[in-house]
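Spelled out, the chains give:
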Amino acid sequence: MPYLNITEVESAVTSLAAAFPAAELIELPEPSVEGRTSHALRIGTGERGANEAVVLIGGVHAREWGSCEILVDLAADLLEAHRDGTGLTYGSTTFTSTQDRSILDELDVVVFPLVNPDGRHYSQTVDPMWRKNRNPARSGGDPAGVGVDINRNYDFLFDFETAFHPAAPVRVSADPADLRQVYQGPKPFSEPETRNVRWLLEQFSRTRWFVDVHSYSEDMLFVWGDDDNQSLDPNKNFQNPAFDGKRGLTDDLLYGEFVPKADSDDAAVLAEQFCKGVKGVRGKNYTPMPAFDLYPTCGTSDDYAYARHLVESRNGKVLGFTVEWGEKSFHPPWPEMKEIILDVDAGLVQFCLTAAT
């Protein structure tokens, strides 16, 4: 089977919802710039909201084709195993039918495989290396200026020129035509794609875990992405303007982003369990680490998901993660991609099991 096109991804999601009583189809409220409507699945045996939720999203960066397949296959695996009363096998990693049933009985697993349909369509039909969405509003007629990097458009340290040290290599831009394709957009949540993800988090107010599936580098990242984690000085935090202009440098004493030790420990355990699940399939060693260890970022989904409860106390705490699957290619040859799907799905099942206990 080759990579799915956007019609096939949508068809897979709607077909799963129609075929399995434990799946609920969710229509996202905002059409894309090109008018496409997106859908997600809630997988679980309880009523919506009865259980804590894990939200899994993919297809954010258009060229990272396999993220959609990873999540579609995960949803199908969980539902089929539950219906048939069987376990799950991914290479040398196995899960019992009792473990699969516990995920569906104890969690709402919300799967949104294709956040950025316009970008994926453009990447698959015109420019394979396209990363952004297809919003032309700030392009000024320059084809390179079309689009916003969805994973820089969330409301977390969006004013990066103020927040970060001038020498920080933060991977974001205010230039629509930046060749790295990391244009953040004119304001947080300017794009329908990020507003749809925000809506999901609001709808599933009992979300406690959030995973954004990307490629590549064989890592499982957890917050924070703007600077090194530290659990000693709560005054050093993203809401404190006293530290503007000091964030984003490696191995310095100017700043470290505060995270309570209990949250840091919980995130590390979940990331390690994901990597354990991956390794059992065929021996791949994914690395669990804070996102900043990869490179400094802002406006990302995982940092936003966790920061919500710090900005508004009415929001529940959500531990945020990003998977970076594969190595050296955004669209590996399909035989290798099939193996990556098994790797990552095993990791995500192990992640959900750990969350459910």
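Everything numeric in this text was worked out from a predicted model, so none of it was measured.

**Overview of the overall build of the chain**
- In terms of regular secondary structure, the chain is built from nine helices and twelve strands.
- Computed over its C-alpha atoms, the radius of gyration of the chain comes to 19 Å, within 12% of the 21 Å expected for a compact globule of 357 residues.
- Principal-axis analysis of the C-alpha atoms gives the chain an extent of 55 × 50 × 40 Å.
- Counting the 357 residues in the chain, one finds 59% classified as buried.
- Long-range pairs, those at least 24 residues apart, make up 75% of the contacts in the chain between residues at least 6 apart in sequence.
- Working note: accessible area of the chain is about 13700 Å², and carbon and sulfur atoms make up 50% of it.
- Charged side chains in the chain number 32 positive and 55 negative. The centres of these two groups are separated by 1 Å.

**A short note on the nonpolar core**
- By size, the foremost hydrophobic cluster in this structure holds 75 residues, and its most contacted members are Phe274 and Phe321.
- Ranked by residue count, the leading element in this core is helix 9 (residues 334–356), at 13 residues.
- Counting residues in hydrophobic clusters, the runner-up holds 21 residues, among them Ala53, Val60, Val110 and Phe204.

**Looking at the packing of aromatic side chains**
- The full count for this structure, using the stated rule, is 15 aromatic pairs.
- Aromatic side chains Tyr3 and Trp334 sit 5.0 Å apart centroid to centroid with 75 degrees between the ring planes, which places their arrangement in the edge-to-face category. Here the residue Tyr3 occupies a position in the segment before helix 1 (6–19), and Trp334 occupies one in helix 9, the gap between them amounting to 331 residues.
- Look at Tyr3 and you get buried, because its relative accessible area is 14%.
- Here a set of aromatic residues connected by ring pairs shows up, and it is made of Phe156, Trp224, Phe238 and Tyr306.
- The residue whose ring lies beneath Arg134 is Tyr122, and the NZ or CZ to ring-centre distance is 3.5 Å.

**Section: the packing of helix 6 (residues 192–203) against helix 8 (residues 301–311)**
- Where helix 6 contacts helix 8, the two axes come as close as 12 Å, and the packing angle between them is 45 degrees. Compared by their axis directions, helix 6 and helix 8 come out oblique. Crossing of helix 6 over helix 8 shows right-handed handedness. In this structure, helix 6 contributes Arg198, Leu201 and Glu202 to the contact, and helix 8 contributes Tyr304, Ala305 and Arg308.
- Looking at the contact of helix 6 with helix 8 residue by residue, the classes come out as three nonpolar, no polar and three charged.

**Observations regarding the pairing of strand 2 (residues 39–43)**
- Across the five residues that make up strand 2, a large majority, five, are buried.
- In strand 2, alternate side chains face the same way, and those of His39, Leu41 and Ile43 on one face and Ala40 and Arg42 on the other are all buried.
- One ladder, built from five bridges, connects strand 1 (residues 23–27) with strand 2; its direction is antiparallel. Bridge pairing in strand 2 places Ile26 opposite Ala40.
- Strand direction decides the pairing type here: strand 2 and strand 6 (residues 107–112), joined by three bridges, are antiparallel. Paired with Arg42 across the two strands is Val110, which belongs to strand 6.

**Some details on the pattern of salt bridges**
- Inspection of the entire model under this criterion finds 19 salt bridges.
- For the salt bridge of Glu218 with Lys284, the shortest nitrogen-to-oxygen distance reads 3.5 Å. Here Lys284 lies in the loop between helix 7 (261–282) and strand 11 (287–290) and Glu218 lies in the loop between strand 7 (207–215) and strand 8 (219–222), a separation of 66 residues in the sequence.
- In this structure, Lys261 engages Asp265 in a salt bridge whose closest nitrogen and oxygen atoms are separated by 2.7 Å. Linking Lys261 with Asp265, this pair stays in helix 7, spanning four residues, or about one helical turn.
- Bridged by salt links that share partners, the residues Glu24, Arg42, Arg48 and Asp108 form one connected network.

**Considering the packing of helix 2 (residues 66–84) against helix 9**
- Relative orientation of the contacting elements helix 2 and helix 9 amounts to 55 degrees, with a least axis distance of 9 Å. The angle between the axes of helix 2 and helix 9 places the two elements in the oblique class. Note on packing geometry: the crossing formed by helix 2 with helix 9 is right-handed. Contacts between helix 2 and helix 9 pair Gly66, Glu69, Ile70, Leu71, Asp73, Leu74, Asp77 and Leu78 from the former with Trp334, Met337, Ile341, Val344, Asp345, Leu348 and Val349 from the latter.
- Of the residues in the contact of helix 2 with helix 9, the class split is ten nonpolar, one polar and four charged.

What counts, and at which threshold
- Residues numbered from 1 in each chain as written.
- Predicted model: local features only at pLDDT ≥ 70, side-chain atom pairs only at ≥ 80, totals over all residues.
- Heavy atoms only, no water.
- Helix = DSSP H or I, 4+ residues; strand = E, 2+ residues; numbered from the N terminus.
- Rg over C-alpha atoms; globule rule 2.2 N^0.38 Å.
- Buried < 20%, exposed > 50% of the residue type's maximum accessible area, 1.4 Å probe, protein only.
- Contact = heavy atoms within 4.5 Å.
- Areas by Shrake-Rupley, 256 points an atom, 1.4 Å probe, with all protein chains shown as cover.
- Lys, Arg positive; Asp, Glu negative; His and termini not counted.
- Charge placed at Lys NZ, Arg CZ, Asp CG, Glu CD.
- Core = buried A, V, L, I, M, F, W, Y, C linked by side-chain atoms within 4.5 Å.
- Phe/Tyr/Trp six-rings, centres within 6.5 Å; stacked < 30°, edge-to-face > 60°.
- Lys NZ or Arg CZ within 6 Å of the ring centre and 35° of its normal.
- Axes fitted to C-alpha atoms, helices over the stretch in contact; angles between N-to-C directions.
- Parallel < 35°, antiparallel > 145°, perpendicular 65-115°, else oblique.
- Left-handed = near helix turned anticlockwise from the far one by under 90°.
- Nonpolar A, V, L, I, M, F, W, Y, C, P; charged D, E, K, R; others polar.
- Pairing = 2+ DSSP bridges.
- Salt bridge = Lys/Arg side-chain N within 4 Å of Asp/Glu carboxyl O.

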